[in-house]
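The primary structure of each chain is shown beneath.
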Amino acid sequence: MIIVGYLLHIDVYLLAIKDMMNKMEKNILITGGAGFIGSHVVRRMVKSYPTYGIYNLDKLTYAGNLENLKDIEHLSNYHFIKGDICDGELLQQIFERHQIDGVIHLAAESHVDRSILNPMEFVRTNVIGTVSLLNVAKNYWKERQDVLFYHVSTDEVYGSLAEGAYFYETTPYDPQSPYSASKASSDHFVRAYGNTYGLPYLISNCSNNYGPYQFPEKLIPLFIANILHEKPLPVYGKGENIRDWLWVEDHAEAIDLIFHKGKAGETYNIGGRNEWRNIDLIHVLCEKMDHKLGRKPGSSAALITYVKDRAGHDMRYAIDPSKLQRELGWKPSLTFEEGLDLTIDWYLANQDWVKRVQTGAYRDYYQLQYGERFNS
Ligand code: NAD
Ligand code: TDX
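Below you will find a few notes about this structure. Since this is a predicted model, take the numbers as computed values, not measurements. (Residues numbered from 1 in each chain as written. Chains lettered and ligands numbered in written order. Predicted model: local features only at pLDDT ≥ 70, side-chain atom pairs only at ≥ 80, totals over all residues. Heavy atoms only, no water.)

Structural notes on the sheet that holds strand β6 (residues 201-206)
Read from one edge to the other, the open sheet built from seven strands follows the order β3-β2-β1-β4-β5-β6-β10, with strand pairing classed as parallel. Taken across any chain shown, the strands that pair with only one partner, and hence form the sheet edges, are β3 (78-82) and β10 (267-270). If you compare each strand with its neighbour and ignore which way they point, the axes differ by 20 degrees on average. The pairing of strand β1 (residues 26-31) with strand β4 (residues 102-105) spans four bridges and is parallel. Across the sheet, residue Ile 30 finds its bridge partner in β4, namely Ile 104. Of the strands in this sheet, β1, β2 (52-58), β3 and β4 are in contact with helix α2 (residues 36-48), which crosses β2 at around 165 degrees. (Pairing = 2+ DSSP bridges. Helix = DSSP H or I, 4+ residues; strand = E, 2+ residues; numbered from the N terminus. Axes fitted to C-alpha atoms, helices over the stretch in contact; angles between N-to-C directions. Contact = heavy atoms within 4.5 Å.)

This is the structure we're talking about:
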């Protein structure tokens, strides 16, 4: 469904009229739905729950791309609202007009390297934005207990792990980058609103995601794009840092499960028990790319270039997802081998998407599809 109107917020009123005519079982506000993980969550919720009104609120920063949702934007229970989670007045209008019963909050600045260059933007969106959302939810819901504020967070809040150790839900917070410090802060605010005002909440902390629609600044899509164009592959430091990778649709499934079956006030760690040293993962990626592109074995690996390490680079992340598996029965659907193949194949088949992201052309999509009616 098409809506929009950043300046006048006319979209909010039009949608309200539509809602009155067509009462939904539940109205869910998803923030950051035009981003990588958010678009998979929105797609899943819109398709799996046709009786829910799904409201995707996204500021469309460099990371927001409405082309990610092209395939579902015509569905009548999907609604897009362009706006900023720091805009309390807009948030209040959205809650009131659409009688929001639940929030799945993903909007964030998400890239560690950018947080090193510009920490204030991370404080603004990840901390202040989350608190403004919490505040509006708390005031609108008052004492209601049949509502949920679900905050999607990261394993990076726990800091860097020694060999053999794992992140549990009880692991003390020890964020090391401006990004993880801002996410840790937002997690603390969510719990503070639960503790102080009785706001029913859920938090999940997930490991590194990969899959279709990931912005090509993150390791896997960046390296796929660089291999394709025979550009250097910048490996930070010695490439010995370890990350725990999860197929993005498995994350979306976990979010759906936690939102519907999780116990309010609880935290769930999400991860696929899939640890890789960066350099080992990069070699697998290079071998697969050589094979898929019909290039001589070793040609992609020849692009590997060791560069200066990321400042404060966390050495190792590894999630113990036992609680989620035991209590909610979640398990990953794919092996890493399968997920990586699907990811590479998707990027190779969708080079137009990558090109439009790299040239900035994707930013016109909003104007073309949604902009003309209300932008003055
Ligand atoms: P992303 O950068 O791809 O997308 C973020 C989205 O939020 C974009 O659509 C952007 O336009 C929107 N946004 C940013 N600032 C906003 C604001 N002020 N108001 C409204 N919208 C705004 O991020 P992602 O990788 O999809 O991550 C989504 C969430 O999941 C984040 O909260 C992130 O911390 C968390 N997370 C990510 C990973 C991962 O591996 N990518 C792992 C664990 C947790
Ligand atoms: O060019 C690169 N070279 C390189 O060696 C890039 C972009 C990354 N790296 C390394 C740094 C990390 O050790 O690869 C690893 C993965 O890097 P990113 O893809 O930037 O992810 P990471 O920093 O681990 O954070 C991601 O996972 C947790 C997401 O960006 C976060 O939003 C999420 O919370």
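Considering the site of ligand 1
Taken together, 28 residues form the shell around ligand 1, and within it Ile 37, Asp 58, Ser 110, Tyr 179 and Lys 183 come nearest. At a separation of 2.7 Å, an oxygen atom of ligand 1 approaches a polar side-chain atom of Ser 110. Within the complex, 97% of the 840 Å² of free accessible area of ligand 1 lies under protein. Elements represented by at least two residues in the shell around ligand 1 include exactly α2, β5 (148-154), α6 (178-197) and β7 (208-210). Top element by residues in the shell around ligand 1 is β5. It accounts for three residues. (Near = heavy atom within 4 Å. Polar contact = N/O pair within 3.5 Å; in protein donor to acceptor, adjacent residues only side chain to side chain. Areas by Shrake-Rupley, 256 points an atom, 1.4 Å probe, with all protein chains shown as cover.)

Things to note about the side chain of Glu 156
Positionally, Glu 156 belongs in the loop between β5 and α6. Arg 243 is the oppositely charged side chain nearest to the buried, salt-bridge-free Glu 156, at an N-O distance of 5.2 Å. In contact with Glu 156, not counting residues within four places along its chain, are Val 112, Pro 175, Ser 177, Tyr 179, Ser 180 and Tyr 317. (Buried < 20%, exposed > 50% of the residue type's maximum accessible area, 1.4 Å probe, protein only. Lys, Arg positive; Asp, Glu negative; His and termini not counted. Salt bridge = Lys/Arg side-chain N within 4 Å of Asp/Glu carboxyl O.)

Describing the sheet that holds strand β9 (residues 242-247)
Pairing is mixed across the open sheet formed by three strands, whose spatial order is β7-β9-β11. A strand with exactly one partner marks an edge of an open sheet, and here the two such strands are β7 and β11 (275-277). Neighbouring strand axes in the sheet, compared pairwise and without regard to direction, differ in orientation by 45 degrees on average. Relative to β11, β9 runs antiparallel, the two being bridged by three bridges. Its bridge partner lying in β11, Arg 243 is registered against Trp 276.

Looking at the pairing of β3
Taken across its five residues, β3 has five buried, putting it largely inside the fold. Going residue by residue along β3, you find Tyr 78, Phe 80 and Lys 82 tucked away on one face and His 79 and Ile 81 tucked away on the opposite face as well.

Points about the packing of helix α9 (residues 278-293) against helix α11 (residues 336-349)
Here α9 crosses α11 at 50 degrees, and the two axes come no closer than 11 Å. With respect to their mutual orientation, α9 and α11 come out oblique. Every pair of crossing elements has a handedness; the one defined by α9 and α11 is right-handed. Facing Leu 281, Val 284, Leu 285, Lys 288, Met 289, Lys 292 and Leu 293 of α9, the residues of α11 in contact are Phe 336, Glu 337, Leu 340, Asp 341, Ile 344, Asp 345 and Leu 348. Broken down by class, the residue content of the contact of α9 with α11 amounts to nine nonpolar, no polar and five charged. (Parallel < 35°, antiparallel > 145°, perpendicular 65-115°, else oblique. Left-handed = near helix turned anticlockwise from the far one by under 90°. Nonpolar A, V, L, I, M, F, W, Y, C, P; charged D, E, K, R; others polar.)

Focus: the pattern of salt bridges
As enumerated under the stated definition, the model contains 19 salt bridges in all. A salt bridge links Glu 275 to Arg 316, with the shortest nitrogen-to-oxygen separation between them at 2.8 Å. Here Arg 316 lies in the loop between β12 (304-307) and α10 (322-328) and Glu 275 lies in strand β11, a separation of 41 residues in the sequence. Salt-bridge contacts for Asp 345 lead to Lys 292; the nearest nitrogen and oxygen are separated by 2.9 Å. Linking Asp 345 in helix α11 with Lys 292 in helix α9, this pair joins segments that are 53 residues apart in sequence. A single salt-bridge network, built from bridges that share partners, covers Lys 288, Lys 292, Glu 337, Asp 341 and Asp 345.

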